[in-house]
Amino acid sequence: MSYRPPFEPDFDLVLVGCGRNKDQKTQQARTLYTGALFRQSRLWAEKFGRKWAILSAQHGLLWPTQTVQPYDRSLQGESRSWRAYWGRATADAIARSCGPKHHGQNPLRSWEGRHVCLLAGALYTDAVRRHLVGVGLTVTEPLRGLFVGQRLQWLRQQLEVQA
């Protein structure tokens with residue numbers, strides 16, 4: 001694993017990628033996903049983000065307390081044009097949910113200068129990043145380029161360092 005120094009995380013919003021492994025009953029989104037990477041990312045997001053949410057291939061933006069049914073969908077099986085549509089719709093959902101209401105203006109502009117952290121795979125982050133950066137958000141992707149085992153190791157190290 002390449003060395004990535006610890007940093008002082010202070011994020012307005014942390015977006016965690018959904019996971020393939022899910023419980024098979026309807027429940028809050030924060031407990032639906034059962035994979036190790038999601039669980040570690042969730043712990044990290046709860047510790048270092050003022051708000052956190054889930055990037056879901058099925059639902060776009062999911063807040064942790066939203067009730068959802070299990071599903072089987074990934075951006076991996078979707079076309080490039082559908083992923084672009086998903087990214088724009090998800091960025092718009094972030095704007096509607098997080099920013100003040102604007103009449104006739106892009107509500108993401110109210111987030112200008114804020115800091116968003118993406119803890120998700122490249123298909124998910126690539127789809128939303130340009131929309132977020134394009135309106136002036138600072139976007140950090142500390143897991144970009146790491147394999148799953150490396151991501152888990154980095155998250156665990158950060159949680160220990162910041163304990």
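Just above sits the structure.
In this text the structure is predicted, and so the values were computed from the model without any measurement. (Residues numbered from 1 in each chain as written. Predicted model: local features only at pLDDT ≥ 70, side-chain atom pairs only at ≥ 80, totals over all residues. Heavy atoms only, no water.)

Now for the packing of aromatic side chains. The full count for this structure, using the stated rule, is seven aromatic pairs. Aromatic side chains phenylalanine 38 and tryptophan 52 sit 6.5 Å apart centroid to centroid with 50° between the ring planes, which places their arrangement in the tilted category. Separated by 14 residues along the polypeptide, phenylalanine 38 in helix H2 (residues 36–48) and tryptophan 52 in strand S3 (residues 52–56) bring together distant segments of the chain. For phenylalanine 38, a relative accessible area of 4% corresponds to the buried category. Classification of tryptophan 52 as buried rests on a relative accessible area of 10%. Between tryptophan 86 and tyrosine 124, the ring centres sit 5.5 Å apart and the planes meet at 90°, which makes this aromatic pair edge-to-face. Placement of the pair is tryptophan 86 in helix H3 (residues 80–98) and tyrosine 124 in helix H4 (residues 122–134), with a sequence separation of 38 residues. For the pair formed by tryptophan 86 and tyrosine 124, the shared burial category is buried. (Phe/Tyr/Trp six-rings, centres within 6.5 Å; stacked < 30°, edge-to-face > 60°. Helix = DSSP H or I, 4+ residues; strand = E, 2+ residues; numbered from the N terminus. Buried < 20%, exposed > 50% of the residue type's maximum accessible area, 1.4 Å probe, protein only.)

Okay, the layout of surface pockets next. Roughly 720 Å³ of volume is contained in the largest pocket. Cys18, Gly19, Arg20, Leu37 and Tyr124 are, among the 26 residues lining the largest pocket, the residues nearest its centre. Where the lining of the largest pocket is concerned, the elements lending two or more residues are strand S1 (13–17), H2, H4 and helix H5 (148–161). Ranked by residues supplied to the lining of the largest pocket, first place goes to H2 with four residues. Classifying every residue of the lining of the largest pocket gives 13 nonpolar, eight polar and five charged. By volume, the second largest pocket amounts to about 150 Å³. The wall of the second largest pocket is formed by Arg80, Arg83, Ala84, Ala122, Leu123, Asp126, Ala127 and Arg130. At the level of secondary structure, the elements contributing two or more residues to the lining of the second largest pocket comprise H3 and H4. The element best represented in the lining of the second largest pocket is H4, accounting for five residues. Partitioning the lining of the second largest pocket into residue classes produces four nonpolar, no polar and four charged. (1 Å grid on protein atoms, 1.4 Å probe; cavity = no way out; pocket = protein on both sides within 12 Å on 5 of 7 lines; lining within 4 Å. Points joined across faces, edges and corners; volume = space filled by probe spheres on them. Nonpolar A, V, L, I, M, F, W, Y, C, P; charged D, E, K, R; others polar.)

Looking now at H5. Here H5 is 14 residues long and its end C-alpha atoms lie 20 Å apart, about the 20 Å a rise of 1.5 Å per residue gives. Of all the residues in H5, the buried ones are Gln150, Arg151, Leu152, Trp154, Leu155, Gln158 and Leu159. Packing partners of the buried residues in H5 comprise H2 and strand S6 (115–119). (Expected span 1.5 Å × (residues − 1). Contact = heavy atoms within 4.5 Å.)

With that settled, consider the side chain of threonine 90. Note on placement: threonine 90 falls in helix H3. On the basis of relative accessibility, which here comes to 2%, the residue threonine 90 falls in the buried class. For threonine 90, the side chain forms a polar contact with the main-chain oxygen of tryptophan 86, separated by 2.7 Å. What threonine 90 contacts, discounting residues up to four positions off in sequence, is Leu55, Gly60, Leu61 and Val128. (Polar contact = N/O pair within 3.5 Å; in protein donor to acceptor, adjacent residues only side chain to side chain.)

A few words on the pattern of salt bridges. Side-chain pairing between opposite charges can occur once the charged atoms of the two side chains come close. According to the stated counting rule, one finds eleven salt bridges in the structure shown. Here arginine 144 and aspartate 126 are joined by a salt bridge, their closest N and O atoms 2.7 Å apart. Of the two residues, arginine 144 is situated in the loop between strand S7 (138–140) and H5 and aspartate 126 in helix H4; the sequence distance between them amounts to 18 residues. On the basis of relative accessible area, aspartate 126 is assigned to the partly exposed category, the value being 36%. Three or more residues are tied together by salt bridges with common partners; here these are Asp126, Arg129, Glu141 and Arg144. (Salt bridge = Lys/Arg side-chain N within 4 Å of Asp/Glu carboxyl O.)

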